[in-house]
Amino acid sequence: MARRGGGLRLAIKVVKAIDKAGKQAARDAERRQKANAREQAKAEREYQKQLREQERAEKNRINQAKHAAKLNVARTKQQFKDSLVYAQEEYAERCSERAALRKQFINAVLR
């Protein structure tokens, strides 16, 4: 006659399978949690990188505007200096013309 077990072995196998499945589920849940954390960290790094790039671009625009303003001021100053030099040359030329006319008039009167 075959011996019949009391079902203890079967119960132990079922408990072990349940325990194994529970451990596997816990490992899977931990893996998913770590993967989610990695994805969130990656998204945060990308967001921070995008913010830094935007700040860099804004600083670049501001620096270009400042540089353009400085160039404009320098150009205006140079134009003013050039106009002063031109005015001085014109004044010197008029003075020399007047002096020549005076000399010519004095010579004409003295003759």
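Residues numbered from 1 in each chain as written. Predicted model: local features only at pLDDT ≥ 70, side-chain atom pairs only at ≥ 80, totals over all residues. Heavy atoms only, no water.

In this section: the overall build of the chain. When helices and strands are tallied, the chain shows one helix and zero strands. If one aligns the C-alpha atoms of the chain with their principal axes, the spans along those axes are about 170 × 15 × 5 Å. For the chain, with 111 residues in total, the buried portion stands at 0%. For the chain, the accessible surface area stands at approximately 11100 Å², while carbon and sulfur atoms represent 56% of it. The averaged location of the 14 negative side-chain charges in the chain is 13 Å from the averaged location of its 29 positive side-chain charges. (Helix = DSSP H or I, 4+ residues; strand = E, 2+ residues; numbered from the N terminus. Buried < 20%, exposed > 50% of the residue type's maximum accessible area, 1.4 Å probe, protein only. Areas by Shrake-Rupley, 256 points an atom, 1.4 Å probe, with all protein chains shown as cover. Lys, Arg positive; Asp, Glu negative; His and termini not counted. Charge placed at Lys NZ, Arg CZ, Asp CG, Glu CD.)

Let's shift gears to the environment of Ala69. Relative to the helices and strands, Ala69 is located in helix α1 (residues 8-110). C-alpha separation for the pair Ala69 and Glu53, spaced 16 residues apart in sequence, amounts to 24 Å.

With that settled, consider the environment of Ala74. The topology assignment puts Ala74 in helix α1. Along the primary structure Ala74 and Gln64 are separated by ten residues, whereas in three dimensions their C-alpha atoms are 15 Å apart.

Time to look at a nonpolar patch on the surface. Taken together, the side chains of Phe105, Ile106, Val109 and Leu110 present a nonpolar region at the surface, about 460 Å² in accessible area. Tracing the sequence through the fold places Ile106 in helix α1. (Patch = residues over 30% accessible without salt bridge, like charges linked within 9 Å, V, L, I, M, F, W, Y side chains within 5 Å. Salt bridge = Lys/Arg side-chain N within 4 Å of Asp/Glu carboxyl O.)

Judged by side-chain charge, Lys49, Arg52, Arg56 and Lys59 come together as a positively charged surface patch. Of note, Arg52 is situated in helix α1.

Another aspect to go through is the pattern of salt bridges. For the structure on display, the rule yields four salt bridges. One salt bridge connects Asp19 with Lys23, and the closest N-O pair in it is separated by 3.7 Å. Taken together, the positions of Asp19 and Lys23, both in helix α1 and four residues apart, correspond to about one turn of that helix. Accessibility expressed as a relative area gives 48% for Lys23, which makes it partly exposed. A salt bridge links Arg31 to Asp28, with the shortest nitrogen-to-oxygen separation between them at 2.8 Å. Taken together, the residues span about one helical turn, with Arg31 and Asp28 both in helix α1 at a distance of three residues.

It is worth spelling out the environment of Ile106 at this point. Note on Ile106: relative accessible area 45%, which makes it partly exposed. As for Ile106 and Glu93, which are separated by 13 residues in sequence, their C-alpha atoms are 20 Å apart.

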